[in-house]
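# Examining the three-dimensional arrangement
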Amino acid sequence: MIGVLCAVQGGAEALVVQALDAHPQLQVTRRCADLTELLAAAEAGLGRLAVVSSALAHLDRESVDALHAAGVRVLGLSDPASVWSVERLRGAGVDDVVLEPFDELGARDVADGLLRLSVAQAPQADRTPVPEEARPAAARGAVVAVWGPTGAPGRTTIAVNLAAELAAAGGSVLLADADTYGGSVAQVVGMLDEAPGLAAAVRQAGQGMLDLTALARLAPVLAPDLRVLSGTSRADRWPELASSALESVWQVARSIARWTVVDTGFCLEQDEVLTYDTHAPQRNAATLRTLETADLVVVVGAADPVGIQRLVRALAELTDLGLGARRLVMVNRVRASVAGPRPGEAVAQALARYAGVTDAVLVPEDRAGTDTALLEARMLREIAPGSPARRAIAQAAARVAQLLPPAPASAGAEDGSAASDVVASGSRG
Ligand SMILES: Nc1ncnc2c1ncn2[C@@H]1O[C@H](COP(=O)(O)OP(=O)(O)OP(=O)(O)O)[C@@H](O)[C@H]1O
Ligand SMILES: [Mg+2]
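One structure accompanies this document, and this report is about it.

### Quick word on the overall build of the protein
Each helix and strand counted, the protein has 18 helices and 13 strands in total. Scored against the burial criterion, the 429 residues of the protein give a buried share of 53%. Within the protein, residue pairs in contact and separated by at least 24 positions form 74% of the contacts whose partners lie at least 6 positions apart. Accessible surface, the protein as shown: approximately 18,800 Å² in total, 53% of it carbon and sulfur.

### Digging into the environment of Ala120
For Ala120, the location among the structural elements is in the loop between helix H5 (104–119) and strand E6 (142–147). A relative accessible area of 32% means that Ala120 is categorised as partly exposed. Ala120 sits 25 residues away from Asp95 along the chain, and the two C-alpha atoms are 9.8 Å apart.

### A look at the state of the cysteines
For the structure on display, the rule yields 0 disulfides. Free cysteine Cys32: the closest other cysteine sulfur is in Cys6, separated by 7.5 Å.

### Focus: the sheet that holds strand E7 (residues 173–178)
Within a sheet, each strand pairs with its neighbour through backbone hydrogen bonds, oriented either parallel or antiparallel. Taking strand neighbours across the sheet as the criterion, the 8 strands line up as E8-E9-E7-E10-E6-E11-E12-E13 in an open arrangement whose pairing is mixed. Of all strands in the sheet, those bounded by a partner on one side alone are strand E8 (221–223) and strand E13 (361–364). The sheet shows a mean angle of 25° between the axes of neighbouring strands, direction not considered. In this sheet, strand E12 (residues 327–334) lies alongside strand E11 (residues 296–302) in parallel orientation, the contact comprising 6 bridges.

### Focus on a negative patch on the surface
Where like charges cluster on the molecular surface, the negative patch consists of Asp103, Glu104, Asp109 and Asp112. Within the fold, Asp103 resides in the loop between strand E5 (96–99) and H5. By relative accessible area, Asp103 is classed as partly exposed at 33%.

### Some remarks on the site of ligand 1
Every one of the 15 residues lining ligand 1 counts as a neighbour, but Arg155, Thr156, Thr157, Asn332 and Asp366 are closest to it. A distance of 2.5 Å is found between an oxygen atom of ligand 1 and a side-chain nitrogen or oxygen belonging to Thr157. One of the backbone nitrogen or oxygen atoms of Pro364 is found 3.1 Å away from a nitrogen atom of ligand 1. Broken down by secondary-structure element, the contributors of at least two residues to the shell around ligand 1 are helix H6 (155–168), E12 and helix H15 (367–376). The residue inventory of the shell around ligand 1, partitioned by class, reads 4 nonpolar, 5 polar and 6 charged.

### Brief notes about H5
The end-to-end C-alpha distance of H5, which contains 16 residues, comes to 23 Å, matching closely the 22 Å that a straight helix rising 1.5 Å per residue would cover. Those residues of H5 that fall on the buried side of the exposure criterion are Gly106, Ala107, Val110, Ala111, Gly113, Leu114, Leu117 and Ser118. With its buried residues spanning 155° around the axis, H5 presents them on a single face. Among the exposed residues of H5, those pointing more than 90 degrees away from its buried face are Glu104, Leu105 and Val119. Check the buried side of H5 and you find it contacts strand E1 (2–7), helix H1 (12–21), strand E2 (26–31), strand E3 (49–53), strand E4 (73–78) and E5.

### A few points about the pattern of salt bridges
Oppositely charged side chains are able to pair whenever their charged atoms sit close together. A complete count under the given rule lists 18 salt bridges for this structure. The residue Arg31 makes a salt bridge to Glu13 at a minimum N-O spacing of 2.9 Å. Within this pair, whereas Arg31 is found in strand E2, its partner Glu13 is found in helix H1, the two being separated by 18 residues in sequence. Using a relative accessible area of 16% as the deciding quantity, one classes Glu13 as buried. The salt bridge involving Glu382 is made with Arg378; its shortest N-O contact spans 3.0 Å. With a relative accessible area of 32%, Glu382 lands in the partly exposed category.

Basis of the calculations
Residues numbered from 1 in each chain as written. Chains lettered and ligands numbered in written order. Predicted model: local features only at pLDDT ≥ 70, side-chain atom pairs only at ≥ 80, totals over all residues. Heavy atoms only, no water. Helix = DSSP H or I, 4+ residues; strand = E, 2+ residues; numbered from the N terminus. Buried < 20%, exposed > 50% of the residue type's maximum accessible area, 1.4 Å probe, protein only. Contact = heavy atoms within 4.5 Å. Areas by Shrake-Rupley, 256 points an atom, 1.4 Å probe, with all protein chains shown as cover. Disulfide = S-S within 2.5 Å. Pairing = 2+ DSSP bridges. Axes fitted to C-alpha atoms, helices over the stretch in contact; angles between N-to-C directions. Patch = residues over 30% accessible without salt bridge, like charges linked within 9 Å, V, L, I, M, F, W, Y side chains within 5 Å. Salt bridge = Lys/Arg side-chain N within 4 Å of Asp/Glu carboxyl O. Lys, Arg positive; Asp, Glu negative; His and termini not counted. Charge placed at Lys NZ, Arg CZ, Asp CG, Glu CD. Near = heavy atom within 4 Å. Polar contact = N/O pair within 3.5 Å; in protein donor to acceptor, adjacent residues only side chain to side chain. Nonpolar A, V, L, I, M, F, W, Y, C, P; charged D, E, K, R; others polar. Expected span 1.5 Å × (residues − 1). Arc of directions from axis to C-beta.

So, in structure tokens, the structure goes:
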């Protein structure tokens, strides 16, 4: 007998239970009133299959991932009255979908569907990034994570201006804020803080409802070829980003933009005290997931002695965690007052010696330029195009483009521009 966890709602429940009880190979081992009960039963090993209504509250990609991780395959019942219920189920990652039954015949289809699933291969929680070749043709944009250790080395400044330079060079860009300790991208670029942005995108992706158009609608156009997906400036709202659905957001982002530039938090700790509870959201999950998914990690460090030491450790930490296989190191605020008369050389030497990095991009101290940009909430290239920091970041953008050449030509997706034409206006609030 194969145990089935039943989380079906409404009148269909009795029909399904009856059909399964009459079945020679299937047996309902737990009738679950809600998702929490279903997850608990799955984790307790009470069943190998689950059948769920599309209307089951909070059903999303994360919960289906959790069911898969517990070795349970999931059959979704689509609501005949709702055209998008199939999409919702598919988006949540269920293994198959059949119509919700309204008679015995329909209930037998459900049993057949479950039997089919039971013979299919056992599920695996799919946490590995989709290999480049396996991505759909249009999903070819690159994800560039901007990360760096604690101490405000300039992650946001670099992310915002890197995005602006890449957009100006003609690639469509999505600038996103995934810093769960206090996102500031929206404010830095002069957008209304209340924009739902990334949190809304994650929510929609979790429900399987994020497509190109929906993502574009959440990411207003800031400048030609530059959209912004704002984060949350309220540090207490981090759980909204701590979801496996973030990966789906970056996946969709790849098809709306040639470049997705993500500002991330500094911390890579895995909240180990919480890991006994596999469902507790983890504060640093957004940063970790983004770094795992990224095609390139721009690692930003500060040029003073403390900053350099942190940077060296940070690079080692990335390596230990198996993150950022492809990196571009940027050292920010390079200045003589803290690094000696030839600060560039001193920084380069220290990096080569302690981290083996010989190709870092050095960004000079530029109080005037960055302050003006902050005050006006504009990008350096708009407000201080000749400033030293802007010139260095423009060089970094060229390096990024060099490191991540366009994916091999596939119809209509060479530069992501076809897909990026979708919808939505909107601008600075
Ligand atoms: N090259 C530079 N020269 C002078 N000041 C700079 C430079 N780069 C950044 N700054 C300033 O340093 C401060 C911190 O920068 P930023 O907010 O980009 O850092 P961060 O790493 O994102 O910090 P947080 O940890 O708060 O997210 C800002 O006031 C910014 O204007
Ligand atoms: Mg920041």
